[in-house]
Amino acid sequence: MTDPGLVERLAGVRDGIADAARSAGRPVEEITTVVVTKFQPVSLVRELFELGVRDFGESRHQEAQAKAADLAGSGIRWHFVGQLQGKKARQVRAYSSVIHSVDRESLVTALGGPVGTAGGTNADDGVNVDCFVQVNLTDDPARGGVSIANLAPLVERVLESDGLTLLGLMAVAPLGAEPRRSFALVSELGAQMRQIAPDARYLSMGMSQDYAAAIAEGATHLRIGTAITGNRPAPVNLKTS
Ligand SMILES: *Cc1c(COP(=O)(O)O)cnc(C)c1O
């Protein structure tokens, strides 16, 4: 049984996205909504799939890997949006269509390199994995993302690397800042980046609370969790469950 609340929230967010796109004079088709299902059960992913969602975001490797295995062959595109450990990078790459959180050279090294060795679908197909470079708009390195000062050299490393296709930039609006200003900065950084990476025209930004501002500043990939899923349950430790 599909939860009527879920149907309503999904429709509400879809309307909100359409409105924001219209206000910005942008075609809504150029905006991909990634529904972030971290901490949510796979049953919720299935319900959303039935409602037409194909792009799902996850932020923890073990949980994402288990869901991807459960739903293998469904045609779902998995977007990895969380902080990524180097030693897990090849495994994440194996089930992910898009990795939104590339933020350091060691991760580029771990993710890149010759395809065919990661042991998963993408690698078996010899396909590049799409990625975003995540930029940190705060002074706190724990937030994830490369500093603005180190952005250009990291972009160059991604461009040089085999096996990775650079889509553009990803960012999270800092708490307490005006989101639209933060997104305008990301958009400006994206324009600068295109001087060295002309095809990297996508921007992954905008979450439940600030997606309209992100659309106004050119977001192409929204990462929306709770506005669609409802509140997240407390994290489950998958090792013991
Ligand atoms: C959890 C998460 C989201 C979704 O956040 P909501 O506020 O639930 O929409 C988006 N991006 C990242 C990187 C996340 O970790």
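Residues numbered from 1 in each chain as written. Predicted model: local features only at pLDDT ≥ 70, side-chain atom pairs only at ≥ 80, totals over all residues. Heavy atoms only, no water.

A.B. asks: Kindly report on the pairing of strand β6 (residues 164–170), identifying the contributing residues and their values.
C.D. replies: Of all 7 residues that make up β6, 6 are buried, and the element is covered over most of its length. In this structure, strand β5 (residues 129–134) lies alongside β6, joined through 6 bridges in parallel fashion. Among the inter-strand pairings, C131 is bridged to a residue of β6, identified as L166. Read from β5 through helix α7 (residues 151–160) to β6, the crossover connection turns out right-handed. Sheet topology note: the β6/strand β7 (residues 202–204) ladder contains 3 bridges and is parallel. Bridge pairing in β7 links G168 to Y202. (Buried < 20%, exposed > 50% of the residue type's maximum accessible area, 1.4 Å probe, protein only. Helix = DSSP H or I, 4+ residues; strand = E, 2+ residues; numbered from the N terminus. Pairing = 2+ DSSP bridges. Right-handed = clockwise from strand over helix to strand, strands pointing away.)

A.B. asks: Report on the nonpolar core, specifying residues and quantitative values.
C.D. replies: By size, the foremost hydrophobic cluster in this structure holds 59 residues, and its most contacted members are L48, I99, V133 and L222. Those residues within four positions of I99 in sequence are excluded, and the remaining contacts are F80, L84, V92, R93, L111, V129, D130, C131 and F132. (Core = buried A, V, L, I, M, F, W, Y, C linked by side-chain atoms within 4.5 Å. Contact = heavy atoms within 4.5 Å.)

A.B. asks: Got a sec to walk through the pattern of salt bridges? Specific residues and values, please.
C.D. replies: Taken as a whole and judged by the stated rule, the model has 12 salt bridges. Measuring nitrogen to oxygen at the nearest pair gives 3.0 Å for the salt bridge that ties E63 to R60. Accessibility expressed as a relative area gives 6% for E63, which makes it buried. Of the residues examined, R60 reaches a relative accessible area of 27% and is grouped as partly exposed. We note a salt bridge from R180 to E217, for which the minimum N-O separation is 2.6 Å. Highlighted residues: R180 in helix α8 (residues 179–193) and E217 in the loop between α9 (211–216) and β8 (221–224), separated in sequence by 37 residues. When salt bridges that share partners are traced, they join E58, R60, E63 and K67 into one network. (Salt bridge = Lys/Arg side-chain N within 4 Å of Asp/Glu carboxyl O.)

A.B. asks: Any chance you could break down helix α1 (residues 4–24) for me, citing the residues and the numbers?
C.D. replies: Its 21 residues give α1 an end-to-end C-alpha distance of 30 Å, which sits within 8% of 30 Å, the value for a rise of 1.5 Å per residue. Along α1, the positions that sit buried rather than exposed are L6, L10, V13, G16, I17, A20 and A21. Here the buried residues of α1 occupy an arc of 130° about the axis, which is enough to place them on one side. Opposite the buried face of α1, at more than 90 degrees from it, the exposed residues are P4, E8, R22 and S23. Looking at where α1 begins, the residue whose side-chain oxygen comes 2.8 Å from the main-chain nitrogen of G5 is D3. Directly after α1, the chain includes G25, whose backbone phi takes a positive value near 65°. (Expected span 1.5 Å × (residues − 1). Arc of directions from axis to C-beta. Polar contact = N/O pair within 3.5 Å; in protein donor to acceptor, adjacent residues only side chain to side chain.)

A.B. asks: Account for the packing of aromatic side chains, with residues named and values stated.
C.D. replies: All chains considered together, the criterion is met by 1 aromatic pair. Where F56 meets W78, the ring centres are 5.9 Å apart and the plane angle is 40°; that geometry is what we call tilted. Taken together, the residues F56 in strand β2 (residues 55–58) and W78 in strand β3 (residues 77–80) connect sequence positions 22 residues apart. Classification of F56 as buried rests on a relative accessible area of 0%. One cation-aromatic arrangement involves R54 over F49; the distance from NZ or CZ to the ring centre is 3.6 Å. (Phe/Tyr/Trp six-rings, centres within 6.5 Å; stacked < 30°, edge-to-face > 60°. Lys NZ or Arg CZ within 6 Å of the ring centre and 35° of its normal.)

A.B. asks: Break down the site of the ligand for me, with residues and values.
C.D. replies: Surrounding the ligand, one finds V36, K38, V81, M170, M207, S208, R223, I224, G225, T226 and R232. In the model, an oxygen atom of the ligand is placed 2.9 Å from a nitrogen or oxygen of the T226 main chain. R232 is positioned with one of its side-chain polar atoms (N or O) 2.8 Å from an oxygen atom of the ligand. In isolation the ligand exposes 390 Å². Once the protein is present, 87% of that is buried. Among the residues forming the shell around the ligand, the class breakdown is 5 nonpolar, 3 polar and 3 charged. (Near = heavy atom within 4 Å. Areas by Shrake-Rupley, 256 points an atom, 1.4 Å probe, with all protein chains shown as cover. Nonpolar A, V, L, I, M, F, W, Y, C, P; charged D, E, K, R; others polar.)

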